[in-house]
Amino acid sequence: MLKFLARLVAVLTATMILGLLVIVGLLVTRFWSEPALPALPDTITLPEGARATAFTQGEGWYAVVTDDGRILVYDRASGALHQSVTIKAAN
C-alpha cells in the first residue's frame, strides 16, 4: 500500500509539473505574438483650415475630431468623408 501511495504522489507531481509547463508555454506564446491591429490610413485629407485634435476608429470607419468642433467620419475602404457632425458647446 505504501508503494502505491508513493507512485501516486510521483504521478501527480509529474502531472502538475507538466500542466504548469503547458500553462507557462501558452502564456509566453500568447503574449509574445503580435496583436492584430487594424491598419491606420496613410493620409487623411481634412477640410481647409481644420486641425485634428483626436482620432478614433471602428470596423469599416475612422473619425477625426477637429479643433473647430466637428467630428469627421471617413470610410475606411475608400477614405471618403462619410459624415460630418458639428458639436455645439453647452452653455
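Analysis parameters
- Residues numbered from 1 in each chain as written.
- Predicted model: local features only at pLDDT ≥ 70, side-chain atom pairs only at ≥ 80, totals over all residues.
- Heavy atoms only, no water.
- Helix = DSSP H or I, 4+ residues; strand = E, 2+ residues; numbered from the N terminus.
- Rg over C-alpha atoms; globule rule 2.2 N^0.38 Å.
- Phe/Tyr/Trp six-rings, centres within 6.5 Å; stacked < 30°, edge-to-face > 60°.
- Patch = residues over 30% accessible without salt bridge, like charges linked within 9 Å, V, L, I, M, F, W, Y side chains within 5 Å.
- Areas by Shrake-Rupley, 256 points an atom, 1.4 Å probe, with all protein chains shown as cover.
- Salt bridge = Lys/Arg side-chain N within 4 Å of Asp/Glu carboxyl O.
- Buried < 20%, exposed > 50% of the residue type's maximum accessible area, 1.4 Å probe, protein only.
- Polar contact = N/O pair within 3.5 Å; in protein donor to acceptor, adjacent residues only side chain to side chain.
- Contact = heavy atoms within 4.5 Å.

Caption draft 1: Expanded view of the overall build of the protein chain. Along the protein chain, the regular secondary structure elements total one helix and four strands. Counting from the amino terminus, the protein chain carries its helices and strands in the arrangement α-β-β-β-β. For a compact globule of 91 residues, the expected C-alpha radius of gyration is about 12 Å, and the protein chain comes in at 28 Å, more than 25% above that figure. Overall size of the protein chain, expressed as C-alpha extent along the three principal axes, is 85 × 35 × 15 Å.

Caption draft 2: Just the packing of aromatic side chains, in detail. For the coordinates displayed, the defined rule picks out two aromatic pairs. For the pair phenylalanine 55 and tyrosine 62, a centre-to-centre distance of 5.9 Å together with 35° between the ring planes defines the contact as tilted. Centre to centre, the rings of tyrosine 62 and tyrosine 74 are 5.4 Å apart; their planes meet at 15°, and the pair counts as stacked. Note that tyrosine 62 is positioned in strand β2 (residues 61-66) and tyrosine 74 in strand β3 (residues 70-75), a separation of 12 residues in sequence. Grouping aromatic residues by their ring pairs yields a cluster made of Phe55, Tyr62 and Tyr74.

Caption draft 3: Inspection of the environment of leucine 26 at higher detail. Along the chain, the position of leucine 26 falls in helix α1 (residues 2-32). Considering only alpha carbons, one finds leucine 26 and phenylalanine 55, 29 residues apart in sequence, at a separation of 34 Å.

Caption draft 4: Spotlight on a nonpolar patch on the surface. Together, Met1, Leu2, Phe4, Leu5, Leu8, Val9 and Leu12 make up an exposed nonpolar region whose accessible area comes to about 800 Å². Relative to the helices and strands, methionine 1 resides in the segment before α1. Residue classification places methionine 1 among the exposed positions, given a relative accessible area of 83%.

Caption draft 5: Structural context of the side chain of threonine 66. Tracing the chain through its elements places threonine 66 in strand β2. Looking at threonine 66, the relative accessible area reads 3%, which means it is buried. In this structure the side chain of threonine 66 is engaged in a polar contact, spanning 2.3 Å, whose partner is the side chain of aspartate 68. Once residues lying within four places of it in the same chain are set aside, the contact partners of threonine 66 are Ala50, Arg51, Ala52, Thr53 and Leu72.

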